[in-house]
Amino acid sequence: MDKTEKKLAVWICKGCDIGESLDVEALEKVASDEYKVELCGSHEFLCGDEGVGQIKEQIKEGVNALVIAGCSPRFQTDTFTFDGCLTERANLREFVVWSHEPNAEDTQMMAEDYLRMGIVRAQKSELPEPFEAEIDKTILVVGGGQSGMTAALESAKAGYDVVIIEKQDQLGGWLAKTTRLFPKKPPYKDVEIVDLEARVKEIEENDRITVHTSATIASINGGPGMFDVSLDANGNGAGSQFRVGSIVQATGWKPYDPDNLGHLGYGNCANVITNVQMEEMAAAGEIRRPSDGKSPKKIVFVQCAGSRDKDHLPYCSAVCCRVSLKQAMWARELDSEAEVFVLYKDIRAPGQYEDYYKAAQDDPGIFFTKGEVVAVSNSSGDNLLVDVEDTLIDKHIQVEADLVVLATGMVPAAADGEAIRQFRDAQKVIAKGEEGAQLETAKVTVEEMAAYEGTEILNLNYRQGPDLPMLKYDFPDSHFICFPFESRRTGIYPAGTVRAPNDMDGCCEDATGAAIKAIQCVELATQGKAMHPRWGDQSYPDFFLQRCTQCKRCTEECPFGTINEDEKGTPDPTITRCRRCGICMGACPERIISFKDYSVEIISSMIKAVEVPDEYDEKPRLLGLLCENDAYPALDAAGFKRLQHSEWIRFIPVRCLGSVNIVWIADALAQGYDGIIMIGCKSGDDYQCHFIRGSELMGTRSGNIQEKLKQLALEDERVRVEQLEITDHERLVEVINEFSEEIDDIGMNPFKGL
Amino acid sequence: MSDNGKRGKVLVIGGGITGVSAAIEASEAGCEVILVEKEAYLGGRVVRMNQYFPKLCPPSCGLEINFRTIRTSPSITVLTQSEVEKISGGPGQYRATIRRQPRGVNNKCTACGACVEACPVERADKFNYEMGTTKAIYLPFQMAHPQQYVIDFDACEGPECGKCLPVCPYDAIDLEMQGQVVEEEVQSVIWATGWEPYDATQIENLGFGTHKNVVTNVMMERLASDGGPTKGKILRPSDNKEIESIAFVQCAGSRDENYLEHCSGVCCMGSLKQTRYVRDQYPDAEIFVFYIDIRSPGRLEDFYQAVQEDEKVTFVKGKVAKITEDAASGNLVVEAEDALSGQLATQAVEMVVLATGIVPTEAPVTLELDVELQRDSHGFLTNDQPVAGLLAAGCAKRPVEVAACVRDATGTALKALQTCVERHGG
């Protein structure tokens, strides 16, 4: 839409106390006199059929932009959504009349300011047009084990072409080494027998699925809908190149390295084996102890061997309890004279697996003892002595064994994209022939991080590293409670044991979920729409590169790796990687990044549209920038509860606190605002920011703001950043009011009126 | 592809976290979705939680994104106060009969709240597990979606009273509103029917229902919530006293042949989380956790470790045999056999939280098909249902936490999409 063609109408709803609390005629005058809006009206009850009907009439007659001043945009959203018409909502209900004294001068001023901001935003914004690109809908599955095979088959069943890349010479992964799986059907006592051959056949016979075994990835360029994959010059499909739309990373797990478990006898005692070795023996049909090939009569399982242990894997590997239940019963099945002891911290058999646990407990030859195994050593001959301690009651017992099975845990088979990037960057510094401190630091980095060399799996050509970033304990994922599939690289979904310790059944569930995420990714990319959390958003960042100074802040700060850079450092964004958070826009000191309906200029204009009383009025003016997902709904809720907040403040919603450009702060201070508060979501390990790093980045940027304030000889307290939760309605109002009082105490902005 | 550009239609039964997630995931992959919820609001059990483990974050944060998607999605139709009565047809082509109860409030409601003042009738607040009351016309809770009032017709005195009618400026109240029956043709049906807390009165020796200061874990969530009966302050029910000691009784009914044979999967983490609620409000309170096994799988182990660092949290491995009440003080004595020492452990406390388990919701739907839904002996729907396009997800299938429900719902949405694609050719 060309700006000149914009035909704007302004509507003020008088319902929900607005009409009784405000001078609506005066509000209309703001639109008609100050902004020369020709079509300006009010309605007793705008969201009713009559009001909406009148709006629709106007749209028929050519109106293509609307300002609706009434309730929060979070309400009546579909009522006030009109195809092809840009709609701005000025929140007069929750933010003004429900939270301020009716018919007061300051309440009226506030309402007028919200209307001004709405009009300016509608004038400056344009309806987004979707980003158009030719999208390939093929799904790449990296890893051909249980999760990978499932993701491939499930995607193909929904009509999508799939390419599987498996580094081994055959499909199957751990499934190829497993013959029995935990029961998954009632009565949950009988194991499932693996039929890998049938699975592989199903894949091979599926016309939609291409399999490359013995294959690894040389590089992946591009982004969702247009990933260009090159395979290494080995294996099946050597050197081939093809295009895919999205990626499921099902690279699985490795057993925790038992060489680290010397204290549990591994490596020191011949008859201490791992559960992986036990699985192989049981599958072969005979359990024989390594030292002399005798069949053991007393088998001891040591649970949490390396798991739930701060010196090894601090997390619980989640499957080992059930693996030991399975192997214990299997051992008894193979030799009814064998006795089995399971030494555990807690038996973790959740849900219906309790039935499976009970089946093991019902076996008179299986004994469960709670305790922590501190040592395993050789006793007489090849026999073993297991030392068990219970710190709670200070009891020490010893158990003899013919064979000890260590229930070792799961380590994700992932690569740390960010670490590899640091390593490579340091290598580049050395190659460039830099000198001095920079060279020294780089040398140290290369030495310390040498182990990362050659660990790449996806080999993404992303500025921010060739693989997904890792989180705690090397699992790649992000906001894992509400949206467990969201990785920090759009269109790349980890699934199965690489994402969390998982059993085979859980891997199937997980892979099926990852497959639909991959499908959504290509479908939404085809429509030029954003993925989670701004589902369906068609706006995207536009870079005005002529003014770029190659400062690289946007490439550094984008949490999703959207932006590569060329050799000079000029940003090279791949729009389909973008989640539309606007963090790049907030980062850019040159203000060259903007969305059609969200830009530095739009928000600056809104800030400037507010009437700032002069220094003689004794009416401070404060600016509040609110995260639209959490702080904004929290203030709505406060309005619902009729909690009163300071009449001096004007709020503007932002996509993420990370999208706040500090020029807005400068603009506000220059405009005469007395204080600025920014409210976002929790950062840190348990971050609640839906864009992962937004509020954390704002925290860093606010340091720069404090510097600026100092230069201007302004008080630090004039700019504040707060982190609150969506449920902190009362706290939010307290924070706002405290801030307002604090600014009152400090006094007016000395730049006011200059 | 069907006429409307969609890839087929999916019926989701249940609007809790599983149903909401399944609906959104299926719709974003191109399906049209009918989301049927029996309550007047979406969110099911999770909106009644104070916080999620392990991040201790409010459920409404993620739900805000989900609800925003539902508000703006043209592909999702939400039917609240509705239940599926009957499903007929055959694989990939089902006909569902849905009964909608009258809300008593129409779409003109702006949630202004004027009606509440006028309403003379109080009713037990079911949202808060009947700890407290609301008016007969009420908003289910602060962040409710849809944000509209609703009338409890069991409590409402009807047109004879009618005091709410004149105060509503929007003509939004209809005391004679009738229910309706809706028919939908769909290719796939997802049972996201969720769970109910186990009825703790069944476990007589634990005293729930007779000892006032014995509450259940779901009640504890409300006691700790700002929107709860105590506005978020944890106070014991008998005298609203601040607490100095509290016991959590794990497996209250679960892992017990007399009650629920299965492990309810989430109650350990639930109680560990609730020890944090207590600690936040009472830095010195003594906390006891009686357990059989603490089950905090995967990275949830971190949370357990952190709680163990709290010196005033004592873990006792042993099943609680009995809880007795001192009638005068309302204090309680918890008796358990300490499995480690073999001795009887008794502990006096001021309040007890029973970690009651998860029972799958029955959700009676008449299937006019040749087959029946497969349930296991615990009442959970099995993974493999006998006909294509009939699917179960989340706690309808097994007792799991929120993240696992979302994961399962997401995968199940793909199964639904597959049925649609088979039918419509994509």
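Residues numbered from 1 in each chain as written. Chains lettered and ligands numbered in written order. Predicted model: local features only at pLDDT ≥ 70, side-chain atom pairs only at ≥ 80, totals over all residues. Heavy atoms only, no water.

Here's the deal with the pattern of salt bridges
Selection criterion: Salt bridges are counted wherever a side-chain nitrogen of Lys or Arg sits within 4 Å of a carboxyl oxygen of Asp or Glu. Going along the chain from the N terminus, every DSSP run of H or I of four or more residues is numbered as a helix, and every run of E of two or more is numbered as a strand. Buried means the residue's accessible area, taken with a 1.4 Å probe over protein chains only, is under 20% of the maximum for its type, while exposed means over 50%, and partly exposed covers the values in between.
The tally for this structure, following the rule as stated, stands at 89 salt bridges over all chains. With its nearest N and O atoms 3.2 Å apart, the salt bridge here joins A:Asp161 to A:Arg208. With A:Asp161 in the loop between helix H6 (146-157) and strand S6 (162-165) and A:Arg208 in the loop between helix H7 (196-205) and strand S9 (209-212), this pair connects stretches of sequence that are 47 residues apart. Given the relative accessible area of 39%, A:Asp161 is considered partly exposed. Between B:Lys233 and B:Glu242 there is a salt bridge; the shortest N-O distance is 3.9 Å. A relative accessible area of 28% places B:Lys233 in the partly exposed class. A relative accessible area of 45% means that B:Glu242 is categorised as partly exposed. Because the salt bridges share partners, they merge into one network encompassing A:Glu34, A:Glu112, A:Asp113, A:Arg116, A:Glu611, A:Arg621 and A:Arg650.

Some details on the pairing of strand S32 (residues 719-723) of chain A
Residue and element names in this part refer to chain A. Using the following cut-off: Between any two strands, pairing holds if DSSP finds at least two bridges. A clockwise course of the path from the first strand over the helix to the second, judged with the strands pointing away from the viewer, identifies a crossover as right-handed.
In terms of strand pairing, strand S31 (residues 675-680) meets S32 through five bridges, oriented parallel. Following the sheet pairing, methionine 678 is matched in S32 by valine 721. In terms of handedness, the path from S31 via helix H19 (residues 694-711) over to S32 forms a crossover that is right-handed.

Section: the environment of A:Glu38
Note on placement: A:Glu38 falls in the loop between helix H2 (24-34) and strand S2 (39-43). With 52 residues separating them along the chain, A:Glu38 and A:Ala90 place their C-alpha atoms 18 Å apart.

Examining the environment of A:Ile119
All names here are of chain A. Tracing the backbone through its elements, the reader meets isoleucine 119 in helix H5 (residues 105-124). For isoleucine 119, a relative accessible area of 0% gives the class buried. Between the C-alpha atoms of isoleucine 119 and alanine 31, which are 88 residues apart in sequence, the distance is 7.6 Å.

Brief notes about the nonpolar core
Test applied: Side-chain atoms within 4.5 Å link the members of a nonpolar core, which is a set of buried Ala, Val, Leu, Ile, Met, Phe, Trp, Tyr and Cys residues. In this description, contact between two residues means that some pair of their heavy atoms is separated by no more than 4.5 Å.
The biggest cluster of nonpolar side chains holds 135 residues, and the ones touching the most others in it are A:Leu92, A:Trp664 and A:Met678. Discounting residues that sit within four places of it in the chain, A:Leu92 has contacts with A:Ile12, A:Ile18, A:Leu22, A:Leu27, A:Ala69, A:Gly70, A:Val97, A:Ala111 and A:Tyr114. Among the nonpolar cores identified, the runner-up in size contains 126 residues, and A:Ala152, A:Ala156, B:Ile70 and B:Leu391 belong to it.

Concerning helix H1 (residues 17-28) of chain B
Side chains of residues three or four places apart in an α-helix project in the same direction, reflecting 3.6 residues per turn. Residue and element names in this part refer to chain B. To be explicit about the condition: Expected span, for any helix, means 1.5 Å times one less than how many residues it has.
End to end, H1 covers 16 Å across twelve residues, agreeing with the expected 16 Å (1.5 Å per residue, within 8%). Burial runs high along H1: twelve of the twelve residues are buried. Residues Ile17, Thr18, Gly19, Val20, Ser21, Ala22, Ala23, Ile24, Glu25, Ala26, Ser27 and Glu28 constitute the buried set of H1. Positive backbone phi, approximately 110°, marks glycine 30, located one or two places after H1.

A look at the sheet that holds strand S18 (residues 366-370) of chain A
Residue and element names in this part refer to chain A. To keep things clear, this is the line we draw: Convention adopted: a line fitted to C-alpha atoms gives each axis, helices being fitted over their contacting stretch, and angles between N-to-C directions are expressed from 0 to 180 degrees.
An order of S15-S22-S16-S17-S18 is seen for the five strands of this open sheet, with the pairing classed as parallel. Edge positions in the sheet fall to strand S15 (272-274) and S18, since each has one partner strand and no second. Across the sheet, the mean angle from the axis of one strand to that of its neighbour is 25°, orientation sign disregarded. Pairing of S15 with strand S22 (residues 403-408) involves three bridges; the strand directions are parallel. Directly across from valine 272, in S22, lies its bridge partner valine 404. Here helix H8 (residues 275-284) sits on the sheet in contact with S15, strand S16 (298-305) and S22, set at roughly 85° to S15.

Side note on H2(A)
All names here are of chain A. To keep things clear, this is the line we draw: In this description, one arc is meant: the one made by directions from the helix axis to the C-beta atoms. N or O atoms within 3.5 Å of each other form a polar contact, as long as, within protein, one can give a hydrogen and the other can take it, and as long as residues adjacent in sequence are counted only when both atoms are side-chain atoms.
Of all the positions in H2, only Val24, Leu27, Val30 and Ala31 are classed as buried. Viewed end-on, H2 has its buried residues packed into an arc of 110°, placing them on one side of the element. For H2, the N-terminal cap is aspartate 23; the gap from its side-chain oxygen to the backbone nitrogen of glutamate 25 is 3.2 Å.

Describing the interface of chain A and chain B
Convention followed: Summed over both partners, the accessible area lost on bringing two parts together, with a 1.4 Å probe, is the buried area.
Opposite the 90 residues of chain A that make contact, chain B presents 76 residues. Summed over both partners, the interface of chain A with chain B buries about 7000 Å², with 55% contributed by carbon and sulfur atoms. When the area that chain A buries against chain B is broken down by residue, the three leading residues are A:Ile481, A:Glu509 and A:Trp535, summing to 10%. Run the count over chain A and chain B and you get 14 salt bridges.

Notes on the domain arrangement of chain A
Quoted interface sizes are often the accessible area lost when the parts come together. We count it as follows: Domains are outlined according to an automatic or database domain assignment.
Splitting chain A by domain gives domain 1 (1-127), domain 2 (139-255 + 413-526), domain 3 (258-408), domain 4 (542-594) and domain 5 (599-754). Domain 1 of chain A and domain 2 of chain A are separated by 49 Å when their C-alpha centres are compared.

Comments concerning the packing of aromatic side chains
Residues and elements named next belong to chain A. Stated formally: A pair of Phe, Tyr and Trp rings is counted when the ring centres sit within 6.5 Å of each other, with Trp represented by its six-membered ring. The angle between the planes then sorts it: under 30 degrees is stacked, over 60 is edge-to-face, the rest tilted. We call a charge positioned over a ring when the NZ of a Lys or the CZ of an Arg lies within 6 Å of the ring centre and within 35 degrees of the ring normal.
All chains considered together, the criterion is met by 24 aromatic pairs over all chains. When the centroid spacing of 5.1 Å and the interplanar angle of 80° are considered together, the rings of tryptophan 98 and phenylalanine 640 count as edge-to-face. With a gap of 542 residues between them, tryptophan 98 in the loop between helix H4 (93-97) and H5 and phenylalanine 640 in helix H17 (residues 631-640) connect regions that are remote in the sequence. Here tryptophan 98 matches phenylalanine 640 in class, with each residue buried. For the ring pair phenylalanine 131 and tyrosine 540, a centre distance of 5.2 Å and an interplane angle of 75° mean the geometry is edge-to-face. Highlighted residues: phenylalanine 131 in the loop between H5 and strand S5 (139-142) and tyrosine 540 in the loop between helix H13 (504-526) and strand S25 (542-543), separated in sequence by 409 residues. Of the residues examined, phenylalanine 131 reaches a relative accessible area of 23% and is grouped as partly exposed. Chaining the aromatic ring pairs together yields one cluster made of Phe95, Tyr114, Tyr632 and Phe651. Over the aromatic face of phenylalanine 75 sits the side chain of arginine 93, whose NZ or CZ is 5.4 Å from the ring centroid. The ring centre of tryptophan 174 lies 4.9 Å from the NZ or CZ of lysine 177, which sits over that ring.

Looking at a negative patch on the surface
Residues and elements named next belong to chain A. Defined as follows: Patches here: salt-bridge-free residues with over 30% relative accessible area, like charges joined within 9 Å, nonpolar side chains (Val, Leu, Ile, Met, Phe, Trp, Tyr) joined within 5 Å. Where accessible areas are quoted, they stem from the Shrake-Rupley method and a 1.4 Å probe; at the residue level, only the protein chains shown are allowed to cover. The charge count includes Lys and Arg as positive and Asp and Glu as negative, but it does not include His or the ends of the chains. A charged residue contributes its charge at one atom only: NZ of Lys, CZ of Arg, CG of Asp or CD of Glu.
A cluster of acidic side chains, namely Asp614, Glu615, Asp617 and Glu618, defines a negative patch on the protein surface. Within the element layout of this structure, aspartate 617 appears in the loop between helix H16 (600-609) and strand S29 (622-627). Here aspartate 617 falls in the partly exposed class, since its relative accessible area comes to 42%.

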